[in-house]
Amino acid sequence: MGYVLLLLATLSWSFVGILVKTASTMVDSTTITFARFAIGIAFLGLLLLWKRGKIDLRTRMKWIWIGALGKSCNYFFENLALSIGFSYGNILVGPIQTVILLFISAFYFKEHVSARGWAAAAMCIGGVLLISWNGLPLHEMLASNGLTTFLFVLSAIGTTFHVLSQKMLIRTMDAENMNFSVFFWCSLLMAVPLPFQAHATGPVNGWGIAALIGLGLITGLSFNWFAQALKKVSFAVAVIVSNTGVLFTIAWSYLFFHDPITIYIIGGAGVFVAGLLLLNWPAKQEARLAKKRQLEA
């Protein structure tokens, strides 16, 4: 069952780009962001009521609000960039977030970052630059890809703070109630600009509505699927499978929207996926300890 949940989470994340692109033909990016959270907490709330019979909504915790602000920025800028760019563009968020987290670990928390960690960061940056360049002259790259890349950087900064909040909150909360509390306040935060920014970008259609529901389902349940999967599969397998989502994202973009996939996109994705694997792959000693724990369990 762990592998099924892991695959569900990975595949669901790979569809985000095309779902946002589909929804953007009907409503603006601010509405998409609100819908992702609002529909997401509806699914997550139903899951909590079914499993536990109650919902524990937290308010007076600073990391709840830090997480909510970070995740709101993550989705807002990601949806905006996807609406104006290619549907595979959000593959940049993961490696950028990884690099930011490494720098925060090294220079803010004063944690030791190994040579392998810095090499992985360099590969992530190299992959992002290769995709952003895409073989274009500098002035064309800045004109066509510069804005979307900048928006994805802002999105990655937002999700970095969300990840940090999760690390702090998971000490005292379970994953489901933690995500519900954060996403609940995200939905309220993103409801504030709706009266000023919400507008239709096209006629209401079934595909657009289905895309919004799909995005809400992914927001509400995918993080829980992944958390449950980590309890049942090895960390190394989770790293490999979750990073294959990049390849699925590129494939869906080509199949559904015929987005141009160049050798630079494929090469850049390959470089930063290798960097993510290098960073997250357990060291030999850690792998042996994990295997020993599994045998003893």
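Described below are features of the structure shown in this document.

Analysis parameters
- Residues numbered from 1 in each chain as written.
- Predicted model: local features only at pLDDT ≥ 70, side-chain atom pairs only at ≥ 80, totals over all residues.
- Heavy atoms only, no water.
- Helix = DSSP H or I, 4+ residues; strand = E, 2+ residues; numbered from the N terminus.
- Expected span 1.5 Å × (residues − 1).
- Buried < 20%, exposed > 50% of the residue type's maximum accessible area, 1.4 Å probe, protein only.
- Polar contact = N/O pair within 3.5 Å; in protein donor to acceptor, adjacent residues only side chain to side chain.
- Contact = heavy atoms within 4.5 Å.
- Salt bridge = Lys/Arg side-chain N within 4 Å of Asp/Glu carboxyl O.

1. Some thoughts on helix α5 (residues 93-107)
Relative to the 21 Å expected for 15 residues at 1.5 Å per residue, α5 spans 21 Å between its end C-alpha atoms, a close match to the ideal helical length. For α5, the tally of buried residues reaches 11 of 15 residues, placing the bulk of the element in the interior. Listed as buried for α5 are Val93, Pro95, Ile96, Gln97, Thr98, Val99, Leu101, Leu102, Ile104, Ser105 and Ala106.

2. Some thoughts on the side chain of Thr148
Of note, Thr148 is situated in helix α8 (residues 146-169). On the basis of relative accessibility, which here comes to 13%, the residue Thr148 falls in the buried class. Among the polar contacts listed, one links the side chain of Thr148 to the backbone oxygen of Asn145, at a separation of 3.1 Å. Setting aside residues up to four positions removed in sequence, Thr148 forms contacts with Ala81, Ile84 and Gly85.

3. Points about the pattern of salt bridges
Taken as a whole and assessed by the stated rule, the structure comprises five salt bridges. Ionic pairing is found between Glu78 and Arg36, a salt bridge with its closest N-O pair at 3.0 Å. Of this pair, Glu78 sits in helix α4 (residues 62-84) while Arg36 sits in helix α3 (residues 29-52), and the two are 42 residues apart along the sequence. On the accessibility criterion, Arg36 (3% relative accessible area) is buried. Lys51 is paired through a salt bridge with Glu176; the nearest N and O atoms lie 2.7 Å apart. Placement of Lys51 in helix α3 and of Glu176 in helix α9 (residues 175-191) is noted, with a sequence separation of 125 residues between them. Of the residues examined, Lys51 reaches a relative accessible area of 43% and is grouped as partly exposed. A relative accessible area of 3% means that Glu176 is categorised as buried. Within this structure, Lys51, Arg52, Asp174 and Glu176 form a network of salt bridges that share partners.

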